[in-house]
Amino acid sequence: PDARVITFLGVGVYEEFVFRLIGFAWLAWLLRVAFLPGVAAIPMAIVASSAAFALAHHVVQTDPFVPAVFATRMLAGAYCALLFWWRGLGVAVGTHIVYDLIVGLPRG
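**Focus on the environment of Leu 9**
Here is step 1 of the chain: Its place among the elements puts Leu 9 in helix H1 (residues 3–33).
Here is step 2 of the chain: Once the C-alpha coordinates of Leu 9 and Gly 94 are considered, the two residues, 85 residues apart in sequence, prove to be 8.7 Å apart.

**Here's the deal with a nonpolar patch on the surface**
Here is step 1 of the chain: Among the surface-exposed residues, Phe 17, Leu 21, Ile 22, Trp 26, Trp 29, Leu 30 and Val 33 lie close enough to one another that they form a single nonpolar patch of about 680 Å² accessible area.
Here is step 2 of the chain: The topology assignment puts Trp 29 in helix H1.
Here is step 3 of the chain: Judged by its relative accessible area of 53%, Trp 29 falls in the exposed class.

**Some points on the pattern of salt bridges**
Here is step 1 of the chain: Per the counting criterion, the structure on display carries 3 salt bridges.
Here is step 2 of the chain: Across the salt bridge formed by Asp 2 and Arg 4, the nearest N and O atoms sit 2.6 Å from each other.
Here is step 3 of the chain: For Arg 4, a relative accessible area of 35% corresponds to the partly exposed category.
Here is step 4 of the chain: For the salt bridge of Glu 16 with Arg 20, the shortest nitrogen-to-oxygen distance reads 2.8 Å. On the criterion of helical spacing, the pair formed by Glu 16 and Arg 20 is a turn pair, its members being 4 residues apart in helix H1.
Here is step 5 of the chain: Judged by relative accessible area, Glu 16 falls into the buried class, the value being 0%.
Here is step 6 of the chain: Overall, Arg 20 belongs to the buried group, its relative accessible area being 0%.

Criteria and cut-off values
Residues numbered from 1 in each chain as written. Predicted model: local features only at pLDDT ≥ 70, side-chain atom pairs only at ≥ 80, totals over all residues. Heavy atoms only, no water. Helix = DSSP H or I, 4+ residues; strand = E, 2+ residues; numbered from the N terminus. Patch = residues over 30% accessible without salt bridge, like charges linked within 9 Å, V, L, I, M, F, W, Y side chains within 5 Å. Areas by Shrake-Rupley, 256 points an atom, 1.4 Å probe, with all protein chains shown as cover. Salt bridge = Lys/Arg side-chain N within 4 Å of Asp/Glu carboxyl O. Buried < 20%, exposed > 50% of the residue type's maximum accessible area, 1.4 Å probe, protein only.

This is the structure in structure tokens:
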């Protein structure tokens, strides 16, 4: 199999673990401990973890900062955070992996 498939599997697991399970869930918990209601804590944690996710892609991949690319990655991060919140880590990981496969593998 294409070596990129293994990379996409690893990246999907790693990024969802770091940005959703640790980043989003920990931040949402911390905000709740700070006595914020869930209706405020969850969206704040989604925005913060999604921004970190988008920024990490620019830093790690050394992409030049392009606001539209950052916004797209932030929306993808928010989508995965919502999937994590509503359906769990496995669904978020699976979605991330499928996205990476669709975008990263050649067609045809």
